[in-house]
Amino acid sequence: MDIKSTFDNEAEEYDFTSRAVNIYFDEALDNLVENILIEKQDIKILDICCGTAILTEKVAKRFPKAKFFGVDFSTGMLAIAKERMKAYDFSYLVCDICDEKGMEGLEQFDLVITSFGVHNIHGQENKLVALKNVAKHLKKGGQYITCDLIKGNDENECRQFQQFQRQWLRKTYNEKETEEWLNLLDEEDEPETLEDNFKLLENSGLANLKLLWRKEFLGIWSGEKK
């Protein structure tokens, strides 16, 4: 599957589908903003896999004087992000964060944020490349914070998650549409257990890893640049 083309094609509908498909979407993003540890206002913030900048805008309301930089491989998503963030200092780069050289030349940031993005990267090796890119562009002592899906620790927990996701989708979609979404998500998504997410962050060079919030199969966790 060409995930980039999928996101380009869904760009105009992404805000709606994000809330319909991703469990506890706005609640989780609002909790992420509340758990940013930095108080200083004039900071530089990087949003990786920024999509249409839904999270970026939420963070901007807390840090209106910050400089924002979004990275995403979907030109369709970034076009919407640019419009959404026009009231703020916002720049962007069309780039796949799994490209080791794609983000070369970017400055370092005080804060790196992301939501519902890393689980779309297939393979732990590719996830590690992406997270090393994050660490490379984070200032010493800077915070990385993410909201993402958490894979179950065994087959039973994985089945529980799929059933929970089915119930979540049924709030918006009919039975046929729900099954179509489940099949698509099964192909697109590759979440990790919380333990494996923490191992990936440790191997990327981040420390002081903390689970800040969890609800069902969704969590917010953070790390700090060594």
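In the block above lies the structure referred to throughout.
Residues numbered from 1 in each chain as written. Predicted model: local features only at pLDDT ≥ 70, side-chain atom pairs only at ≥ 80, totals over all residues. Heavy atoms only, no water.

(A) Up close: the nonpolar core. If you look at the biggest cluster of nonpolar residues, it comprises 37 residues, and the most contacted ones within it are Ile23, Ile45, Val59, Phe68 and Leu218. Within the residue set of this core, elements represented by two or more residues are helix 3 (25–34), helix 4 (54–62), helix 5 (75–84), strand 4 (109–115), strand 5 (138–149), helix 7 (155–169) and strand 7 (218–225). Of all the elements, helix 3 adds the most residues to this core, at five residues. Not counting the four nearest positions on each side in its chain, isoleucine 45 is found in contact with Val59, Phe63, Ala66, Lys67, Phe68, Phe69, Phe109, Leu111 and Ile113. Membership of the second largest hydrophobic core comes to 26 residues, among which are Phe69, Phe109, Val118 and Phe198. (Core = buried A, V, L, I, M, F, W, Y, C linked by side-chain atoms within 4.5 Å. Buried < 20%, exposed > 50% of the residue type's maximum accessible area, 1.4 Å probe, protein only. Helix = DSSP H or I, 4+ residues; strand = E, 2+ residues; numbered from the N terminus. Contact = heavy atoms within 4.5 Å.)

(B) How the structure looks around the packing of helix 6 (residues 124–136) against helix 9 (residues 194–204). The interhelical angle for the contact between helix 6 and helix 9, taken along N-to-C directions, is 50 degrees, at an axis separation of 8 Å. Between helix 6 and helix 9, the interaxial angle falls into the category oblique. The two elements helix 6 and helix 9 meet at a crossing, and its hand is right-handed. Contacts between helix 6 and helix 9 involve Gln124, Lys127, Leu128, Leu131, Lys132 and Ala135 from the former and Asp196, Leu200, Leu201, Asn203 and Ser204 from the latter. (Axes fitted to C-alpha atoms, helices over the stretch in contact; angles between N-to-C directions. Parallel < 35°, antiparallel > 145°, perpendicular 65-115°, else oblique. Left-handed = near helix turned anticlockwise from the far one by under 90°.)

(C) Representation of the pairing of strand 5 in the model. Across the twelve residues that make up strand 5, a large majority, nine, are buried. Pairing of strand 4 with strand 5 involves six bridges; the strand directions are parallel. Its bridge partner lying in strand 5, leucine 111 is registered against glutamine 143. Following the backbone out of strand 4, through helix 6 and into the adjacent parallel strand 5, one traces a crossover that is right-handed. (Pairing = 2+ DSSP bridges. Right-handed = clockwise from strand over helix to strand, strands pointing away.)

(D) Quick look at the pattern of salt bridges. Tallied over the entire structure, the rule returns 15 salt bridges. Residue aspartate 110 is joined to lysine 139 by a salt bridge in which the shortest nitrogen-to-oxygen separation is 3.3 Å. Of this pair, aspartate 110 sits in strand 4 while lysine 139 sits in strand 5, and the two are 29 residues apart along the sequence. Linked through salt bridges whose partners overlap, the residues forming this network are Arg19, Asp26, Asp30 and Lys58. (Salt bridge = Lys/Arg side-chain N within 4 Å of Asp/Glu carboxyl O.)

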